[in-house]
Amino acid sequence: MTISLRTRQDVVVVDPERFVAAARAAYREAFPEITEERAAEDIRDVHEAAWALFDRFGRLTAEAPARSVVPGRRVLDRPDGLSPAGERQQIVLNDPQPLQDYGCFMPEDYDPFAVPPGA
């Protein structure tokens, strides 16, 4: 039996500068030997910031989003500059080919998030 968990977390970056600063701080928490200057060199943009936060917390925000967020209304005052915008998880049983079976190179047309027919 194969169990596959597909996860999606959406956030709106309402303040890119706060977002990048929060990512640099999380990076330095994970690696205390890293200086502020080195963190600024390693995390220069929103894309690198997203990976740094994901590496640190396994998600883009340190905590799960509040369930009381009003649809379409952004949270503007978070210290990380993010407004949580939704999260979904899906469990798929018996995916016929788990990711491991592809080795290092997945086919270009393969969508690892698609649910296979019959699964």
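Here the structure is a predicted model, which means the values were calculated and not measured.

## Re the overall build of the protein chain
Argument step 1. Tallying secondary structure elements over the protein chain gives three helices and two strands in all.
Argument step 2. Shown N-terminal to C-terminal, the secondary structure of the protein chain runs as helices and strands in the order β-α-α-α-β.
Argument step 3. Against the compact-globule benchmark of 14 Å for 119 residues, the protein chain has a radius of gyration of 17 Å, which places it well outside the compact range.
Argument step 4. C-alpha extents for the protein chain along the principal axes are approximately 45 × 40 × 25 Å.
Argument step 5. For the protein chain, the residues scored as buried account for 24% of the 119 residues in total.
Argument step 6. A separation of at least 24 residues holds for 68% of the contacts in the protein chain among residues at least 6 apart in sequence.
Argument step 7. Per element, the accessible surface of the protein chain, about 8600 Å² overall, is 54% carbon and sulfur.
Argument step 8. With 14 positive and 21 negative side-chain charges, the protein chain shows a separation of 7 Å between the mean positions of the two kinds.

## Overview of the layout of surface pockets
Argument step 1. The calculated volume of the largest pocket comes to roughly 510 Å³.
Argument step 2. Along the walls of the largest pocket sit 25 residues, with Arg6, Thr7, Arg8, Phe54 and Phe113 positioned nearest its centre.
Argument step 3. Of all elements in the fold, only β1 (3-13), α3 (46-57) and β2 (82-93) reach the threshold of two or more residues within the lining of the largest pocket.
Argument step 4. In terms of residue count, β1 provides more of the lining of the largest pocket than any other element does, eight residues in total.
Argument step 5. In the lining of the largest pocket, the residues fall into eleven nonpolar, eight polar and six charged.

## So, the packing of aromatic side chains
By convention here, two paired aromatic rings are described through the distance between centres and the angle between planes.
Argument step 1. Tallying each qualifying case throughout the model produces three aromatic pairs.
Argument step 2. For the ring pair Tyr27 and Phe31, a centre distance of 5.6 Å and an interplane angle of 65° mean the geometry is edge-to-face.
Argument step 3. Ring centres of Tyr102 and Tyr110 lie 4.4 Å apart, and the angle between their planes is 35°; this geometry places the pair in the tilted category.
Argument step 4. A relative accessible area of 22% means that Tyr110 is categorised as partly exposed.

## A short note on the confidence of the model for the protein chain
Argument step 1. The share of residues in the protein chain with pLDDT of 70 or more is 94%, and the mean pLDDT across the chain is 89.
Argument step 2. Helix α2 (residues 36-42) holds the highest mean pLDDT among the elements of the protein chain, 97, whereas β2 holds the lowest, 90.

## A look at α3
Argument step 1. Spanning twelve residues, α3 covers 16 Å between terminal C-alpha atoms, matching the ideal 16 Å at 1.5 Å per step.
Argument step 2. Residues of α3 that are buried: Ala49, Ala52 and Leu53. Viewed along the axis of α3, the buried residues span an arc of 95°, placing them on a single side of the element. Along α3, exposed side chains directed more than 90 degrees from the buried face belong to His47, Trp51 and Asp55.
Argument step 3. Those residues of α3 hidden inside the fold are in contact with α1 (16-30).

## A word on unusual backbone geometry
Argument step 1. In the Ramachandran plot, Asn94 falls in the positive-phi region, its phi being about 60° despite a non-glycine side chain.
Argument step 2. Relative to the helices and strands, Asn94 resides in the segment after β2.
Argument step 3. For Asn94, a relative accessible area of 43% translates into the label partly exposed.

The rules behind each value
Residues numbered from 1 in each chain as written. Predicted model: local features only at pLDDT ≥ 70, side-chain atom pairs only at ≥ 80, totals over all residues. Heavy atoms only, no water. Helix = DSSP H or I, 4+ residues; strand = E, 2+ residues; numbered from the N terminus. Rg over C-alpha atoms; globule rule 2.2 N^0.38 Å. Buried < 20%, exposed > 50% of the residue type's maximum accessible area, 1.4 Å probe, protein only. Contact = heavy atoms within 4.5 Å. Areas by Shrake-Rupley, 256 points an atom, 1.4 Å probe, with all protein chains shown as cover. Lys, Arg positive; Asp, Glu negative; His and termini not counted. Charge placed at Lys NZ, Arg CZ, Asp CG, Glu CD. 1 Å grid on protein atoms, 1.4 Å probe; cavity = no way out; pocket = protein on both sides within 12 Å on 5 of 7 lines; lining within 4 Å. Points joined across faces, edges and corners; volume = space filled by probe spheres on them. Nonpolar A, V, L, I, M, F, W, Y, C, P; charged D, E, K, R; others polar. Phe/Tyr/Trp six-rings, centres within 6.5 Å; stacked < 30°, edge-to-face > 60°. pLDDT = per-residue confidence, 0-100. Expected span 1.5 Å × (residues − 1). Arc of directions from axis to C-beta.

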